[in-house]
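Chain and residue survey
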Amino acid sequence: MLRIDILTLFPEAFSGYLEHSIIGRAVQRQVADVRLHNIRSFTHDRHHTVDDYCYGGGAGMVMKPEPLFEAVECLRGEIGADHCPVVLLTPGGRLFTQEIAGSYAALNNLIMICGHYEGVDERVAEHLVTDQVSIGDYLLSGGEPAAMVIIDSLIRLLPGAIGSETSLVEESHVGGLLEYPHYTRPPEFRGWKVPDVLLSGNHKEISDWRRRQSVLRTARRRPDLLGKAELTDTDLNLVKSTDLNNN
Ligand code: ADE
């Protein structure tokens with residue numbers, strides 16, 4: 001079972017998420033073992049100080065190295081693994097992708113550090129962590145929401161976390177394309193109809209339609225993904241012959 005240890009200043013921030021939702025149920029069913037640790041409990045002064053002024057000046061505080069080193073060393077000892085990856089959540093990290101989620105889901109242990117304030121002392125980044133990850137090009141006030149995003153994306157890859165394995169395979173990003181549109185009943189809602197092909201019962205036509213929708217949607221919304229996706233000649237001709245500015 002994958003064990004995830006999260007070092008945070010706000011363990012309570014995770015409780016609602018880890019107790020409810022699909023991920024909450026997966027955690028309850030012990031698909032993964034998620035443990036929260038308050039960084040403050042690895043301090044030794046009266047005030048439980050976790051941050052300090054920035055050398056060289058500038059606004060904002062920096063997270064001190066000692067509590068983080070102590071916490072990770074303590075966890076490594078407890079886990080007893082030769083190598084335990086340690087991920088720092090930071091807007092300065094490499095961009096998190098489905099591929100990285102897959103590589104984390106294959107691990108036995110993962111320690112995540114949620115940064116705060118202006119950031120963490122660079123010695124943590126250089127000498128303690130094995131990976132630095134950002135969930136997108138925007139600033140969060142702390143790494144906690146990023147850690148939740150990452151936990152969610154990797155727990156759902158674990159065997160037994162969600163219903164069927166095929167639903168994982170077909171979903172957005174896994175094949176390098178965005179997902180095709182989905183519809184459920186009623187067949188007509190406020191005058192908007194479900195595309196006829198989906199009601200036709202013709203599996204070949206349905207899967208061709210879905211493929212075309214995925215390809216065109218990706219070309220319109222995320223042309224940056226097309227370069228990496230595996231496209232057939234039919235897909236390429238479709239992109240070439242379609243006015244991508246029009247629906
Ligand atoms: N901490 C602050 N912003 C972040 C981001 N975009 N990704 C990961 N951690 C963060």
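Residue numbers restart at each chain and count upward from 1, following the sequence in its written direction. With the structure being a predicted model, the display of local features is reserved for residues of pLDDT at least 70 and the display and counting of side-chain atom pairs for 80 or more, all residues being used for whole-chain, interface and lining totals. The side-chain values count all of the structure's non-hydrogen atoms but skip hydrogen atoms and water molecules.

**Some details on the overall build of the protein chain**
Quick note on the threshold: For the purposes of this entry, the term helix denotes a DSSP run of H or I that reaches at least four residues, the term strand denotes a run of E that reaches at least two, and both are numbered from the N terminus. Throughout, radius of gyration means the C-alpha value; the globule benchmark is 2.2 Å times the number of residues raised to the power 0.38. In this analysis, two residues are considered to be in contact whenever any of their non-hydrogen atoms come within 4.5 Å of each other. Areas reported here follow the Shrake-Rupley algorithm with a probe of radius 1.4 Å; residue values treat only the protein chains shown as occluding. His is not counted, nor are the chain ends, whereas Lys and Arg count as positive and Asp and Glu as negative. Where a charge lies is defined by one atom per residue type: Lys uses NZ, Arg uses CZ, Asp uses CG and Glu uses CD.
Secondary structure assignment for the protein chain yields eleven helices and nine strands. Here the C-alpha radius of gyration of the protein chain, 22 Å, is well above what a compact globule of 247 residues would show, namely 18 Å. Principal-axis analysis of the C-alpha atoms gives the protein chain an extent of 70 × 45 × 40 Å. Across the protein chain, contacts joining residues at least 24 apart in sequence account for 74% of those joining residues at least 6 apart. About 14800 Å² of surface is accessible on the protein chain, with carbon and sulfur atoms providing 51% of the total. In the protein chain, 24 positive and 34 negative side-chain charges are present, and the distance between their average locations comes to 8 Å.

**Re the pattern of salt bridges**
Rule in force here: Salt bridges are identified by distance alone: a Lys or Arg side-chain nitrogen within 4 Å of an Asp or Glu carboxyl oxygen. When a residue's accessible area, from a 1.4 Å probe over protein chains only, is under 20% of the maximum for its type it is buried; when over 50% it is exposed; and in between it is partly exposed.
Taken as a whole and judged by the stated rule, the model has ten salt bridges. Here Arg-211 ties to Asp-235 by a salt bridge, and the two come within 2.7 Å at their closest N and O atoms. Taken together, the residues span a long stretch of sequence, with Arg-211 in helix 9 (residues 203–221) and Asp-235 in helix 11 (residues 233–241) at a distance of 24 residues. Across the salt bridge formed by Arg-222 and Asp-224, the nearest N and O atoms sit 2.9 Å from each other. In this structure Asp-224 comes out as exposed when scored by relative accessible area, which is 54%. Ionic contacts of the salt-bridge type, sharing partners, join the residues Arg-3, Asp-5, Asp-33, Arg-35 and Glu-78 into one network.

**Things to note about unusual backbone geometry**
Following Arg-185, the chain continues to Pro-186 via a peptide bond in cis, the omega torsion being 5 degrees. Mapped onto the elements, Pro-186 comes out in the loop between helix 7 (165–170) and strand 8 (188–189). Look at Ser-21: it is not a glycine, yet its phi comes out positive at around 65 degrees. Checked against the element boundaries, Ser-21 lands in helix 2 (residues 21–28). The exposure class of Ser-21 is partly exposed, given its relative accessible area of 32%. Even without being glycine, Arg-190 reaches a positive phi, approximately 50 degrees. Tracing the backbone shows Arg-190 in the loop between strand 8 and strand 9 (192–193).

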